[in-house]
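Residues per chain, in single letters:
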There are 2 protein chains.
Amino acid sequence: MTLREDDIVAHLEKIIGEPENASIKLGIGDDAAVWQPSRSHRSVVTTDMLVEDVHFTRESMGFEDIGWRVTAANLSDLASMGARPVLATVALGIPSDVDVECLARLYRGISACARSAKLDIVGGDLSRAPVLTVAMSAVGEVRASNCRTRSGGRAGNAVAVTGPLGASRAGLDAARGKVTLQGSDRDEALQAHRRPQARLREGRWLAASANVRAMMDCSDGLSTDLARLAESSGVGVLIEDVPVAESARAAALQLREDARDYALAGGEDFELIVACERRAFAHLASRFEKHFKRPLYRVGSLRSEPGLVLADKGVERAIAPTGWDHFKPATG
Amino acid sequence: MTLREDDIVAHLEKIIGEPENASIKLGIGDDAAVWQPSRSHRSVVTTDMLVEDVHFTRESMGFEDIGWRVTAANLSDLASMGARPVLATVALGIPSDVDVECLARLYRGISACARSAKLDIVGGDLSRAPVLTVAMSAVGEVRASNCRTRSGGRAGNAVAVTGPLGASRAGLDAARGKVTLQGSDRDEALQAHRRPQARLREGRWLAASANVRAMMDCSDGLSTDLARLAESSGVGVLIEDVPVAESARAAALQLREDARDYALAGGEDFELIVACERRAFAHLASRFEKHFKRPLYRVGSLRSEPGLVLADKGVERAIAPTGWDHFKPATG
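A few words now on the overall build of chain A. Helix and strand counts for chain A come out as 10 helices and 13 strands. Against the compact-globule benchmark of 20 Å for 332 residues, chain A has a radius of gyration of 20 Å, which places it among compact chains. Principal-axis analysis of the C-alpha atoms gives chain A an extent of 65 × 50 × 35 Å. Counting all 332 residues of chain A, 63% fall into the buried class. Here chain A has roughly 13,000 Å² of accessible surface; of this, 47% comes from carbon and sulfur atoms. Across chain A, the mean location of the 42 positive side-chain charges is 7 Å away from that of the 45 negative side-chain charges.

Okay, structure coming up:
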């Protein structure tokens, strides 16, 4: 059956439902959406694109997972600014073998992730495309005093992450059959890969602390993202400890890779990286653990010597960013 | 030469330059951009995606044109809400045969169009993709009382457009070699196709009139877009006159098509469609012409009978939307 573009939009609009935020004055269906920004806050905007056979394959992820994943990536960017989500738009490139039922599943994934974060989908654009392509832009709000960026870090700051790393990479490797995981390792890895959770509550909580100087999300791999935070802040970074997810440890073991290197290179973890006043770190970490019932993991420190350095059994060695880079020649 | 993703971003950032709007607090280079919304206005957001071999080919458009075109499409959506542009983000899918110099040309086109409208490019996302894919999201601002939508039209309203139609379609047909245009026809058509102008000033001016009840842009063809405006407003529309661009007239003649039908089906004109109180139309049109030195073209009226009807030599006949629909089987 051939549907008109307007019929498809109407079908997807039903899945999304009415906006929940009272600030949304006009949602899907006009040339643009309209909202009333908070007078006491700044607005924040981010965009993320997922492309079939680049970020996912239809074997590694279902349509609902793809929808969830692009939404989580946008939410994670808002989280890293300390913002609360408000709204998003979706631009979809649709190949001819993706029918309206597949699109509905994609939108159910978007909707489930968006609702969990009070993010309203307010509009979009549909187009034909050779592969499934989903570009989302999300808007959030943050008090000016709570907005955290990559560039606020200073030499001496403690660096920490909100969770263990590498599980999403392990999930990708498991989905691709590169490793065989079982039981809780498999569950953890596939969940991290297909249904990642943006650290929104953690982001807002951390941003409200004056001792947190810089924040970003860990989306392209800790080594790559830490190098970016350090460069933006005009400092270097000494990595002393890398919290590795259990499933990543199991995957690395099978691949005969160092678990820490595996986690350093693994993208899409969506944990937050924070730089915090050194003296305040212990207190912050203890309050964090009390509040969220899980640790804030210390990774190392910022320092004035530029570069990314790993302390390996007491010996410091310079390392290169090993995370995701779309324009690096493929290494497998 | 292989560049890192961060090097490419830095290169493109230089082309974009520093934000011009004082409200932009943080631009390219962080997880998200930050701005201070106006306290007296509402915010407006839209998104448009261009896909290679769907919206353009590299033969029909240069990289700078593609950048200009996606920016103009977003600006046109803001214009149709009566909004002034503030900022935009760009998500780019880049095939391996598009090098950094091509990207720079794309960004020069984006930047030229954005600067002409005081739109700041504040961020984006880069990915590999099988074909060149550009998804832009733009944010603008409008006073609540000036915001115009598709749904405000009422039976009896006069319907008008801000310019003659069909030139962009003629430009596409000329670029594809379907027609051979010369002189000013060729210039007009290619300019309309490759460097369309969003009617931002016109949109803000029209939205400030209390007699303008509904507004949208003409991006998918007048017949398709008028049907949408009428449906949103819960009315039908009688088309009495279609202003046809000179180049569209020449193209239609070569193709032995009716010029009016050619213009009704031709997308991407980016003129605005307005529904206006009937009694106020003559005065509005005369003020418009005085202000913009070109006419506001009356097209017909909204009426309570649903459907799209064309008055053809005194005889009314129902017509179907003939404009662009991504999901309609191709008709050539």
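What follows continues from the structure just given.
Quick look at the interface of chain A and chain B now. Counting residues at the interface gives 66 residues for chain A and 66 residues for chain B. Taken over both partners, the interface formed by chain A and chain B buries close to 5,500 Å², and the fraction arising from carbon and sulfur atoms is 57%. Here chain A is connected to chain B by five salt bridges. When the shortest N-O distance is used, the salt bridge between D31(A) and R150(B) registers 2.5 Å. Between the two partners, chain A and chain B, sit 24 residue pairs in polar contact (both at pLDDT 80 or more). Here the side of chain A that touches chain B is built from residues that sort into 31 nonpolar, 18 polar and 17 charged.

Attention shifts here to the pairing of strand β9 (residues 236-239) of chain B. Residue and element names in this part refer to chain B. Residues of β9 alternate between two faces, with G236 and L238 on one and V237 and I239 on the opposite face, all of them buried. Two strands pair when backbone bridges link them, and β9 and strand β11 (residues 297-303) are joined in this way by four bridges, in the antiparallel orientation. The residue bridging V237 from the neighbouring strand is L302, located in β11. The sheet contact formed by β9 and strand β12 (residues 308-312) spans three bridges and is parallel. The residue bridging V237 from the neighbouring strand is L308, located in β12.

Here we come to the sheet that holds strand β9 (residues 236-239) of chain A. All names here are of chain A. Read from one edge of the open sheet, seven strands run β8-β10-β7-β11-β9-β12-β13, paired in mixed fashion. Either end of the sheet is taken by a strand with one partner, and the two such strands are β8 (212-218) and β13 (315-318). For this sheet, the mean inter-axis angle between neighbouring strands, taken without regard to orientation, is 25 degrees. Along the sheet, helix α6 (residues 200-207) makes contact with β8 and β10 (271-276), crossing β8 at roughly 165 degrees. Across the sheet, helix α7 (residues 222-233) touches β7 (158-161), β8, β9, β10, β11 (297-303) and β12 (308-312), and the angle it forms with β8 is around 145 degrees.

On to the domain arrangement of chain A, then. Residues and elements named next belong to chain A. Taken as a whole, chain A is organised into domain 1 (5-145) and domain 2 (148-318). The C-alpha centroid of domain 2 is placed 26 Å from the C-alpha centroid of domain 1. Facing the 22 residues of domain 1 at the interface are 20 residues of domain 2. For the pairing of domain 1 and domain 2, the buried interface totals around 1,900 Å² over both sides, and the portion due to carbon and sulfur atoms is 54%. Contact with domain 2 buries area across many residues of domain 1, yet W68, R69 and S80 alone supply 27% of it, more than any other trio. Seen at the junction of domain 1 and domain 2, the total is three salt bridges. The partner of D65 in a salt bridge is R195, and the shortest N-O contact between them spans 2.9 Å. Counting every contact that joins domain 1 to domain 2 gives six residue pairs in polar contact (both at pLDDT 80 or more). Elements with a contribution of two residues or more to the side of domain 1 that touches domain 2: α2 (63-80) and β4 (84-94). It is α2 that provides the largest number of residues to the side of domain 1 that touches domain 2, a total of 11 residues. For the side of domain 1 that touches domain 2, a count of residues per class yields 10 nonpolar, six polar and six charged.

Here we come to the state of the cysteines. Applying the stated criterion across every chain yields a total of zero disulfides over all chains. You can see C113(B) has no disulfide; the closest cysteine sulfur is in C218(B), sitting 18 Å from it.

Residue and element names in this part refer to chain B. With respect to the secondary-structure elements, T162 resides in the loop between β7 (158-161) and α4 (167-175). Residue classification places T162 among the buried residues on the basis of a relative accessible area of 0%. From its side chain, T162 meets the backbone nitrogen of L272 in a polar contact 2.8 Å long. For T162, the residues in contact, after removing those within four places along its chain, are R199, E202, L206, E271, L272, F288, R294, P295, L296 and Y297.

As for its position among the elements, H193(B) is in helix α5 (residues 183-194). In contact with H193(B), not counting residues within four places along its chain, are S60(B), M61(B), R69(B), S168(B), G171(B), L172(B) and E268(B).

Right, let's talk about the relation of the copies chain A and chain B for a bit. Of the transformation superimposing chain A on chain B, the axial component is 0.0 Å and the angular component is 180 degrees, with the fit at an RMSD of 0.0 Å. Both copies of the chain, as the preceding transformation shows, are related through a two-fold rotation axis. Within chain A, R39(A) has its C-alpha nearest the rotation axis, a separation of 2.9 Å. Here 100% of the interface residues in chain A have copies in chain B that are interface residues too; the copies meet face to matching face.

Another point: the sheet that holds strand β3 (residues 42-51) of chain B. The six strands are arranged β1(A)-β2(A)-β3(B)-β6(B)-β4(B)-β5(B) in an open sheet whose pairing can be described as mixed. Taken across any chain shown, the strands that pair with only one partner, and hence form the sheet edges, are β1 (24-26) of chain A together with β5 (120-128) of chain B. Ignoring strand direction, the axes of neighbouring strands in this sheet form an average angle of 20 degrees. With eight bridges joining them, strand β4 (residues 84-94) of chain B and β5(B) adopt parallel strand pairing. Bridge pairing in β5(B) places L92(B) opposite L126(B). Across the sheet, helix α2 (residues 63-80) of chain B touches β3, β4 and β6 (133-142) of chain B, and the angle it forms with β3(B) is around 145 degrees.

Another point: the packing of aromatic side chains. For the structure on display, the rule yields six aromatic pairs over all chains. A ring pair is formed by F288(A) and F292(A), whose centres lie 4.7 Å apart and whose planes are at 45 degrees; its orientation type is tilted. Placement of both F288(A) and F292(A) in helix α10 (residues 281-292) is noted, with a separation of four residues, approximately one turn of the helix. Per residue, the accessibility class of F288(A) equals that of F292(A), and both read buried. Pairing W205(B) with F288(B) gives two aromatic rings, centres 5.7 Å apart and planes at 80 degrees, and the pair type is edge-to-face. Residue W205(B) is located in helix α6 (residues 200-207), and its partner F288(B) is located in helix α10 (residues 281-292); the two are separated by 83 residues in the primary sequence. No difference in accessibility class separates W205(B) from F288(B), as the two residues are buried.

Quick notes on the rules
Residues numbered from 1 in each chain as written. Chains lettered and ligands numbered in written order. Predicted model: local features only at pLDDT ≥ 70, side-chain atom pairs only at ≥ 80, totals over all residues. Heavy atoms only, no water. Helix = DSSP H or I, 4+ residues; strand = E, 2+ residues; numbered from the N terminus. Rg over C-alpha atoms; globule rule 2.2 N^0.38 Å. Buried < 20%, exposed > 50% of the residue type's maximum accessible area, 1.4 Å probe, protein only. Areas by Shrake-Rupley, 256 points an atom, 1.4 Å probe, with all protein chains shown as cover. Lys, Arg positive; Asp, Glu negative; His and termini not counted. Charge placed at Lys NZ, Arg CZ, Asp CG, Glu CD. Contact = heavy atoms within 4.5 Å. Buried area = accessible area lost by both parts, 1.4 Å probe. Salt bridge = Lys/Arg side-chain N within 4 Å of Asp/Glu carboxyl O. Polar contact = N/O pair within 3.5 Å; in protein donor to acceptor, adjacent residues only side chain to side chain. Nonpolar A, V, L, I, M, F, W, Y, C, P; charged D, E, K, R; others polar. Pairing = 2+ DSSP bridges. Axes fitted to C-alpha atoms, helices over the stretch in contact; angles between N-to-C directions. Domains from an automatic or database assignment. Disulfide = S-S within 2.5 Å. Least-squares fit on C-alpha atoms with pLDDT ≥ 70 in both. Phe/Tyr/Trp six-rings, centres within 6.5 Å; stacked < 30°, edge-to-face > 60°.

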